[in-house]
Amino acid sequence: MPDYNRAEKVRIIESENNSEEIYIIKDVKKVRKGGVLYLLKPLEDDSVLRICYENNESLLERVS
């Protein structure tokens with residue numbers, strides 16, 4: 001499971017649907033039971049923040 005840092009640009013990937021929406025990581029929190037919570041902000045203005053939880057499998061992909 002890769003670790004991502006604040007201000008990195010990422011995309012959420014899923015087995016069936018690949019999102020074209022790009023997010024910026026606003027905050028990262030490690031969870032005691034294992035895993036990481038990411039607070040994501042879309043690049044679009046006036047958009048809702050999203051929380052993404054990762055444990056064994058990565059749901060995020062870096063965007064350059």
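To be clear, the structure that these remarks concern was listed above.
Residues numbered from 1 in each chain as written. Predicted model: local features only at pLDDT ≥ 70, side-chain atom pairs only at ≥ 80, totals over all residues. Heavy atoms only, no water.

Undergrad: Tell me what's going on with the pattern of salt bridges, and back it up with residues and numbers.
TA: Applying the stated criterion to the full structure yields four salt bridges. A salt bridge links aspartate 27 to arginine 6, with the shortest nitrogen-to-oxygen separation between them at 2.7 Å. You can see aspartate 27 sitting in strand β2 (residues 18-30) and its partner arginine 6 sitting in the segment before β1 (9-13), a full 21 residues away along the chain. A relative accessible area of 55% places arginine 6 in the exposed class. (Salt bridge = Lys/Arg side-chain N within 4 Å of Asp/Glu carboxyl O. Helix = DSSP H or I, 4+ residues; strand = E, 2+ residues; numbered from the N terminus. Buried < 20%, exposed > 50% of the residue type's maximum accessible area, 1.4 Å probe, protein only.)

Undergrad: Just give me the short version of the nonpolar core, but keep the residues and values in it.
TA: The biggest cluster of nonpolar side chains holds ten residues, and these are Tyr4, Val10, Ile12, Tyr23, Ile25, Val36, Tyr38, Leu40, Cys52 and Leu60. Looking at which element gives the most residues to this core, the answer is strand β3 (residues 36-42), with three residues. Contacts of tyrosine 4, omitting those with residues within four sequence positions, involve Val10, Ile25, Val28, Tyr38, Glu54, Ser58, Leu60, Glu61 and Arg62. (Core = buried A, V, L, I, M, F, W, Y, C linked by side-chain atoms within 4.5 Å. Contact = heavy atoms within 4.5 Å.)

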